[in-house]
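Observations on the model geometry
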Amino acid sequence: MKFFHLPVIATTMGAPSLPRFRGPHGQVFVRGVAFCGKGGKPQISSRIAFALLVVFGLATLPCTAQSTPPQPAPQPDQPHQGKIIFSRSDSEAAPTPLQAPTKPMRADSEQLAPPQVAKPPVPAQPVPQVAFTLYDLDAHLRPADQQIAIRALLTVRNNGATPLARIPLQISSSLNWESVRVNAHNTVFHVATINSDADHTGQLHEAAIPLDAPLLPGQTIQIDATYSGVIALSAQRLQSIGAPDALALHSDWDQISLPFTGMRGFGNVVWYPVVSAPVMLGDGARLFDEIGLHKLRLAGARFRLRLTVEFPHGQAPTVALINGHSVPLTITESKLDQSQEVASIATADSGLSTLGFEAPSLFVAIRAPHPGANLTAWTLPEDNVSVEFWLTAATTVTPFLKGWLGPQPRSPLTLLDLPDPEDTPFETGALLAAPLREPGPKANPGALNGVLVHALTHAWLAFPNSPASPPQPPAWLNEGVAQFISTLWVEKQQGRDAALRSLEADRAALALVEPASPGQSPGQPLPSATSPVYYRTKAAYVLWMLRDLAGDPALFTALRAYYDSAANPADRSPFEKLLEASEAHPDLAWFFADWVDSDKGLPDLAIDGIFPTRASADNWLVAVHVANAGYAAADVPVTVRSGSGSDARSVTQRLRIPARGKAIQRILIQGKPIEVQVNDGTVPETQASVHITKLDEPAANPSSSSQPNPQRHP
């Protein structure tokens, strides 16, 4: 599906937007990233080598540091001038922060954020373990000048085991700290510039805020901070690792401008205060791990944004979206003569809400609304006709979603037209920001339907933005369900084999990150997963396996009950209990222990032996021995086939193979058996997920897709 597999850097859910396997938001693994070569070792296709370089940061660009002497806090009207304390390289040389950029610019931007000066390194300091429990923000935008000014009232809790003497708050390097008050008292603080690709400029401005008394573990403090600056297009972090200018600009499209303001949050542009470790695209997958950790740490925090937008007369914004939710705009047009250039004002208030697994985002744009089935599309004038393709696709897939998720979405979906046809899509909650153009002549006719299935699933699951909204369920039951429902749509349209192929396309990436054994690495249990390959790919596999174990009716009943009870957290039952309460009463304790509540890696199955015996007349009893070298138990289908053409028969039964163990399945079939298959691709394994052994070949030359020399009797 071309829409999903273009090289992008987006966040979901907030990761920088590079190639990934799932829909527009979040996330950061390329479909078809790795292929199994000899011995099951991953190999990389040359055509995606560059995408992997950017996504996984295969080029090492070390992060170093230099200390800075203390400096007094300037007055609020004198922004702090920072020093660079972290740098990619000791040998980098670049213009100062206020220098004009030298890279190409997009037509809708005045400038790109410039590169920074590198300094000699010193060791990095550990990052304090703090959590934000409240963001109360007042934001003032001047889109015509690309400017923003924010007052942030924050409640911060010490989640560590030791007292904290200071809090290091960070914002984008294109913004400047102005004043900080702690517990209603003015504070003198020091500012430094840190190299970090969590922001599109490649750097953050960090204010080291000293505390009068150490903040003890579990205690909270209130911080009142003000800061301001310019947020323009910046492709610096991608250009610094060799990304082509056009790709970089279409991936990092965050900016403030008159027709379109888009700020996707941590991982793209850090427009609100954060505490994070400096991470680079050139340092493995640390950037994407930090993005996931950031969203996990924010889950459950209370959030409110009061927004004021200045705009020239007659150019009022028509849509504002805060954390993926549409908020009403109140427009106050200036009544003075236009020649006096007095700005008009638009205001909005998100109200108090609870953050889920997300990075706070803000969009303000001039667009035309187009209502559709369970959605509203906001388009540029040139896309007013093309949007009909999207509205038609939404109408087409709605009956399918109703069958699985209930009669209507919890929040309407918002489609927001991005400025450029090549801009990479972004998704958060019930918002999909994407170029709403007409599909090209070579596009898959059903591709748009698949896009809307995924986006509308999030709308079905998302809770409205209100003070009473409960915390969102864990990411694996949001992102994973959306991925799962997308593969069910593929099954409905193209058959089960096509759906399993779409799962297999992502399995190699999962196998790369899963621990070989629980002792080597704790991995990522799904309830606390921070990497998309876990909370999206593995979660989709888990739901497919639960579907086979419990059946479709039990699964969609449990999903609906879980999200219905989520509206009242006191009544919420664990998903496992809801499934076990179904009529089938499946025993799922073993499954959740190995696949959800802990990460024991993937199973590694092999056909250990096949023993066919003639039972009576033309009936055969086939004993299939299966071994599991992995540390996670697996319940897989075992299929025996006989005959061919019109006489072809097959019998399938399920077999549970314990971790580091073996199991035997005996199957009675009519006709001499000719083939045995273990697993059909629904259970991910470390190598192949389908094992086929043919029995109608000479004993000296048996054939098997994953077990070249199985024991067998004639």
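Pairing is antiparallel across the open sheet formed by four strands, whose spatial order is β14-β21-β16-β17. Each of the sheet's edge strands pairs with one partner strand only, and the pair in question is β14 (260-263) and β17 (325-327). Averaged over all pairs of adjacent strands, the angle between their axes in this sheet comes to 20°, without regard to strand direction. Bridge count for strand β16 (residues 319-322) against strand β21 (residues 362-365) is four bridges, and the pairing is antiparallel. The partner of L321 across the bridge, within β21, is F363.

With that out of the way, let us pick up helix α6 (residues 387-405). The end-to-end C-alpha distance of α6, which contains 19 residues, comes to 25 Å, matching closely the 27 Å that a straight helix rising 1.5 Å per residue would cover. The largest bend in α6 amounts to roughly 35° and is located at T398, with the proline P399 lying one to four residues further along. Within the sequence span of α6, burial applies to V387, W390, L391, A393, A394, V397, T398, F400, L401, W404 and L405. G406 occupies a position one or two residues after α6 and carries a positive phi of about 115°.

So, about the pairing of strand β6 (residues 130-142). For β6 and strand β7 (residues 147-158), the ladder comprises 12 bridges, and the chain directions are antiparallel. Bridged to V130 within β7 is N158. The antiparallel pairing of β6 with β7 creates a hairpin that spans four residues between the two strands, and Q146 there sits at a positive phi of about 60°. Judged from the eight bridges that link them, β6 and strand β15 (residues 302-311) form a sheet pairing that is parallel. The partner of D138 across the bridge, within β15, is R306.

For the rest of this paragraph, the subject is the pattern of salt bridges. Following the criterion strictly, the structure yields 28 salt bridges and no others. Residue K538 is joined to E514 by a salt bridge in which the shortest nitrogen-to-oxygen separation is 2.8 Å. Taken as a pair, K538 in helix α10 (residues 532-550) and E514 in the loop between α9 (496-513) and α10 lie far apart in primary sequence, 24 residues in all. Here K538 and E514 have matching classes, each one buried. The salt bridge partner of D599 is K538, with a shortest N-O separation of 2.9 Å.

To continue, consider the side chain of D136. Along the polypeptide, D136 turns up in strand β6. Not counting chain neighbours up to four residues away, the residues in contact with D136 comprise R151, A152, L153, R304 and R306.

Rules and cut-offs
Residues numbered from 1 in each chain as written. Predicted model: local features only at pLDDT ≥ 70, side-chain atom pairs only at ≥ 80, totals over all residues. Heavy atoms only, no water. Pairing = 2+ DSSP bridges. Helix = DSSP H or I, 4+ residues; strand = E, 2+ residues; numbered from the N terminus. Axes fitted to C-alpha atoms, helices over the stretch in contact; angles between N-to-C directions. Expected span 1.5 Å × (residues − 1). Bend = angle between axes of the 7 residues up to and from the residue. Buried < 20%, exposed > 50% of the residue type's maximum accessible area, 1.4 Å probe, protein only. Salt bridge = Lys/Arg side-chain N within 4 Å of Asp/Glu carboxyl O. Contact = heavy atoms within 4.5 Å.

Coordinates in, geometry out; function isn't part of it.
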